[in-house]
Amino acid sequence: MVYIPKEIMDLLKPGETQKEVVKVLATADDKGVPHAIILGPLMAIDEETLAFGIIWASTTKKNLETTKNACIIVYKPPMTACRVHGTFEEYVTSGPLFDRYTDELKKWDLECAGVIKIKVTDVCSASGGKRWGEDSYSSKSVPLYST
Ligand SMILES: Cc1cc2nc3c(=O)[nH]c(=O)nc-3n(C[C@H](O)[C@H](O)[C@H](O)COP(=O)(O)O)c2cc1C
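What counts and what doesn't
Residues numbered from 1 in each chain as written. Predicted model: local features only at pLDDT ≥ 70, side-chain atom pairs only at ≥ 80, totals over all residues. Helix = DSSP H or I, 4+ residues; strand = E, 2+ residues; numbered from the N terminus. Buried ≥ 20, exposed ≤ 12 C-beta atoms within 10 Å, placed from the backbone. Pairing = 2+ DSSP bridges. Axes fitted to C-alpha atoms, helices over the stretch in contact; angles between N-to-C directions. Arc of directions from axis to C-beta. Contact = placed C-beta atoms within 7 Å. Near = placed C-beta within 6 Å. Nonpolar A, V, L, I, M, F, W, Y, C, P; charged D, E, K, R; others polar. pLDDT = per-residue confidence, 0-100.

So, about the overall build of the protein chain. Within the protein chain, the secondary structure is distributed over four helices and seven strands. In the protein chain, the succession of α and β elements from N to C terminus is α-β-β-β-β-α-β-β-α-β-α. Burial status across the protein chain gives 27% buried among its 147 residues.

Shown next, in the form of structure tokens:
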């Protein structure tokens, strides 16, 4: 089973830490044309699922619904960086997850149209020589959100 290590989970909690972490999401259209965007809050619902709010990202949403694949870089300076591959799971426009995301985006003065859930399929270090060991991948932490 693939999951997000605790060191990265800690960067993807709700709250002010999110503003210190750079998140870049890449998708592709049905012709394979890549499309990368900056994300504000990116939350780990649990160690196998990420979520972000759709505000303006219409091309990204269309790409995910069409071709399903996502690649996300999570970067905290100076040298913590992680690459997560995943697939489009669901677009949520109501319910507890949507409500919590709406609250989180208010901290950025942004309004949430819906929440995209991404199922994690692969996680690796993007920090050059810095690698996380098996231990950090096998220690389960408590989910941040329940859906
Ligand atoms: C700091 C920052 C955070 C952003 N966060 C989000 C976000 O969480 N959701 C979103 O839909 N767009 C966000 N954007 C805007 C998108 O990155 C940008 O408008 C994108 O081009 C729109 O998506 P699209 O090209 O897929 O249509 C953010 C932009 C910046 C600069």
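With respect to topology, seven strands assemble into an open sheet ordered β2-β1-β5-β6-β7-β4-β3, the strand pairing being antiparallel. At either margin of the open sheet sits one strand with a lone partner, and together these are β2 (34-39) and β3 (42-46). Each adjacent strand pair in this sheet contributes to an overall mean axis angle of 35°, direction not counted. Relative to β2, strand β1 (residues 22-28) is paired through six bridges, and the arrangement is antiparallel.

Once that is clear, we can look at helix α2 (residues 58-67). Those residues of α2 lying buried are T60, N63 and L64. All buried residues of α2 fall inside an arc of 95° around its axis, so they share one side. When the buried face of α2 is taken as reference, the exposed residues oriented beyond 90 degrees from it are S58 and E65. Next to the buried residues of α2 lie β1, β2, β5 (69-76), β6 (80-92) and β7 (114-125). Just beyond α2, the residue with positive phi is K68, at close to 75°.

A separate point is the site of the ligand. Neighbouring the ligand are 13 residues, the closest being I37, G40, A57, T59 and T60. Among the residues making up the shell around the ligand, the classes are represented as eight nonpolar, five polar and no charged.

Further remarks concern the environment of D10. Position of D10 among the secondary structure elements: in the loop between α1 (6-9) and β1. A sequence separation of 34 residues divides D10 from A44, and the C-alpha atoms of the two residues are 9.0 Å apart.

Turning to the confidence of the model for the protein chain, a few remarks are in order. In the predicted model, the protein chain carries a mean pLDDT of 85, and the fraction of residues at 70 or more is 86%. Of all secondary-structure elements in the protein chain, the lowest mean pLDDT belongs to helix α4 (residues 134-138), at 41, while β1 reaches the highest, 97. Here residues 133-147 is a poorly scored stretch, pLDDT under 50, and it has 24 contacts once near neighbours within four places are set aside; other chains count.

Our next topic: helix α3 (residues 96-106). Along α3, the residues that are buried comprise R100, Y101, E104 and L105. Viewed end-on, α3 has its buried residues packed into an arc of 135°, placing them on one side of the element. α3 presents P96, D99, D103 and K106 as exposed residues on the side facing more than 90 degrees away from its buried surface. Where α3 is buried, its residues touch β4 (49-54) and β7.

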